[in-house]
Amino acid sequence: MATYAFTLNNFEYFLLILVRVSAFVYIAPFFGQSGIPNQTKIGFAAFISMILYSVVDRPELNYASAVGYALVVLSEGITGLLIGLASNICNSIVVFAGHIIDMDIGLSMANEFNQDMGTEVSMTGNLYYYGVLMLLIATNLHTYLIQTLSDSFSLIPIGGANFNMDSLLSAMMTYMADLMIIGFRIFLPFFACIMILNCVLGVMAKVAPQMNMFAVGMQLKVLTGFIVMVLVAFMLSSVSSMIFDEIKKLVNLFVQGMS
């Protein structure tokens, strides 16, 4: 049976749980979208914290002053931010893939503002970003993220975060390698088709030099890019599966680096 009787001795635990959950909700995908009102985010974080308060272990906290407690609060905030960051930066893979796709088909100058990232993103990258985000909700991966946050209190007790910089750096290097690999796998169908188109245009430039292949090629590249985008639309589920596997992998590596 859950109990929510707060005293001065145990209220400090609730605040620490709230700090970690709030930091996670602030930056995690879907939960931290800028379109969601801040009141909703605060209420959701408080609701999750109330649930976790009744089930999370409460180890003894070792601090002697308000400064010591502030350091524990800072440690919990960083823990929540890193867990949320590990799940959020994986969406940058499709943004990277969309950027190199638009560079290849000639749409690199047509950028759109992505309010979640706070920066301009290529059109294809924005399309893939929101497509993957919708599939994240459809496949209930957001519930997995909440479950991961809940399980993190077992691996990383309250006030017991141990930041292993070597492990965290290794996790980031793993992410950077996977970013390039998955990004270029998404880009590969466009690269193959545009390369064939460039070969055809090169042959036509020799056969009919009076034609302006530069003007013709720009339009053909955009048209070919759109056709390929439609033909490979069914692969979005496979792309999302790779992104979701990367999210799970990176979150586990980050949690291990703090446990």
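Everything numeric here is computed off the predicted structure, so don't read it as measured data.

Enquirer: What am I meant to see in the overall build of the protein here?
Expert: Regarding its fold elements, the protein presents nine helices and two strands. Shown N-terminal to C-terminal, the secondary structure of the protein runs as helices and strands in the order α-α-α-α-β-β-α-α-α-α-α. Computed over its C-alpha atoms, the radius of gyration of the protein comes to 23 Å, more than 25% above the 18 Å expected for a compact globule of 259 residues. Along the first, second and third principal axes, the C-alpha set of the protein runs to 85 × 35 × 30 Å. Split into buried and exposed, the 259 residues of the protein put 41% on the buried side.

Enquirer: Can you walk me through unusual backbone geometry in this structure?
Expert: With the exception of glycine, the majority of residues adopt a negative phi angle, and the majority of peptide bonds are in the trans configuration. Positive phi values are uncommon outside glycine, yet Phe30 reaches one of about 70°. With a phi angle near 60°, Asn140 is a residue other than glycine that sits in the positive phi range. Within the fold, Asn140 resides in the loop between α5 (123–138) and α6 (141–155).

Enquirer: It is not clear to me how the nonpolar core should be interpreted in this structure. Could you clarify?
Expert: The tendency in soluble globular proteins is for nonpolar side chains to be buried as a group. With 68 residues, the main nonpolar core has Val21, Phe24, Ile243 and Ile247 as its most contacted residues. No other element matches the 11 residues that helix α7 (residues 165–207) contributes to this core. The residues contacting Val21, other than those within four sequence positions of it, are Ala45, Ile48, Ser49, Leu52, Leu149 and Phe153.

Enquirer: In this structure, what is going on with the pairing of strand β1 (residues 111–114)? I would like to understand it.
Expert: Along a regular strand, successive side chains alternate from one face of the sheet to the other. Direction of pairing for β1 relative to strand β2 (residues 119–122): antiparallel, over a ladder of four bridges. Across the sheet, residue Phe113 finds its bridge partner in β2, namely Glu120. Linkage of β1 to β2, two consecutive antiparallel strands, is achieved through a turn of four residues, within which Gly118 is found at a positive phi near 70°.

Enquirer: Any chance you could explain a nonpolar patch on the surface here in plain terms?
Expert: A contiguous nonpolar patch, built from Ile196, Val200, Met204, Met211, Val216, Leu220, Leu223, Ile227 and Leu231 and spanning about 750 Å² of accessible area, is present on the exposed surface. Among the elements of the structure, α7 and α8 (213–231) are those that each provide at least two residues to the nonpolar patch. If one sorts the elements of the nonpolar patch by residue count, α8 sits on top with five residues. For Leu231, the location among the structural elements is in helix α8. Residue class for Leu231 comes out exposed when judged on its relative accessible area of 56%.

Enquirer: Honestly, the packing of helix α3 (residues 66–88) against helix α9 (residues 236–258) in this entry has me stumped. Any pointers?
Expert: Axes are the key here: two packed helices are described by the angle between their axes and the distance separating the axes. Where α3 meets α9, the axes come as close as 8 Å, and the angle between the chain directions of the two elements is 155°. As summarised for this structure, α3 and α9 are arranged roughly antiparallel, according to the angle between their axes. Seen along the crossing, α3 lies across α9 with a hand that is right-handed. Residue-level contacts link Thr79, Leu82, Ile83, Ala86 and Ser87 of α3 to Ile247, Leu250, Val251, Phe254, Val255 and Met258 of α9.

Enquirer: Looking at this structure, I do not really get the side chain of Ser240. What am I missing?
Expert: Examined against the element boundaries, Ser240 turns out to sit in helix α9. What makes Ser240 buried here is its relative accessible area of 2%. Excluding anything up to four places from it in sequence, Ser240 contacts Val132 and Leu135.

Enquirer: Please explain the environment of Cys90 as it appears in this structure.
Expert: Along the chain, Cys90 turns up in the loop between α3 and α4 (92–105). Residue Cys90 is classed as buried on the basis of its relative accessible area, which comes to 0%. Separated by 153 residues in the primary sequence, Cys90 and Ile243 place their C-alpha atoms 6.4 Å from one another. Dropping the residues within four chain positions of it, Cys90 is found in contact with Tyr175, Ile243, Glu246, Ile247 and Leu250.

Enquirer: Looking at this structure, I do not really get the environment of Leu223. What am I missing?
Expert: By the secondary structure assignment, Leu223 is in helix α8. Separated by 117 residues in sequence, Leu223 and Gly106 have C-alpha atoms that sit 9.9 Å apart.

Enquirer: Looking at this structure, how should I read the state of the cysteines?
Expert: Each disulfide consists of one covalent bond between the sulfur atoms belonging to two cysteines. Taken as a whole and assessed by the stated rule, the structure comprises zero disulfides. Summary of cysteine pairing: Cys199 is not part of a disulfide, and the nearest cysteine sulfur, belonging to Cys193, is at 12 Å.

The rules behind these values
- Numbering of residues starts from 1 in each chain and follows the order in which that chain's sequence is written.
- Side-chain atom pairs in this predicted model are given and counted only at pLDDT of 80 or more, local residue features only at pLDDT of at least 70, and totals for whole chains, interfaces and linings cover all residues.
- Side-chain calculation: all heavy atoms of the structure are included, whereas hydrogens and water are not.
- Secondary structure elements follow DSSP: runs of H or I no shorter than four residues count as helices, runs of E no shorter than two count as strands, and numbering proceeds from the N terminus.
- Computation of the radius of gyration draws on C-alpha atoms, with the globule rule given as 2.2 Å multiplied by the number of residues to the power 0.38.
- Only protein chains enter the calculation, and the probe is 1.4 Å; a residue is then buried if its accessible area is under 20% of its type maximum, exposed if over 50%, and partly exposed in between.
- By nonpolar core we mean a set of buried residues, namely Ala, Val, Leu, Ile, Met, Phe, Trp, Tyr and Cys, connected to one another through side-chain atoms within 4.5 Å.
- In this description, contact between two residues means that some pair of their heavy atoms is separated by no more than 4.5 Å.
- Criterion used throughout: strands pair if DSSP finds at least two bridges between them.
- Patch definition: residues above 30% relative accessible area lacking any salt bridge, with like charges linked at up to 9 Å and the nonpolar side chains Val, Leu, Ile, Met, Phe, Trp and Tyr linked at up to 5 Å.
- Only the protein chains shown count as covering a residue, and every accessible area follows the Shrake-Rupley method with a 1.4 Å probe.
- By salt bridge we mean one thing: a side-chain nitrogen of Lys or Arg within 4 Å of a carboxyl oxygen of Asp or Glu.
- Structural elements are reduced to axes, namely lines fitted to C-alpha atoms, with helices fitted over the stretch in contact, and the angle between N-to-C directions of any two is expressed from 0 to 180 degrees.
- Every angle not falling under 35 degrees, over 145, or within 65 to 115 is termed oblique; those three ranges are roughly parallel, roughly antiparallel and roughly perpendicular.
- Crossing handedness is read from the near helix: turned anticlockwise from the far helix by less than a right angle, it gives a left-handed crossing, and turned clockwise, a right-handed one.
- Note that a disulfide, as used here, is simply two cysteine sulfur atoms within 2.5 Å.

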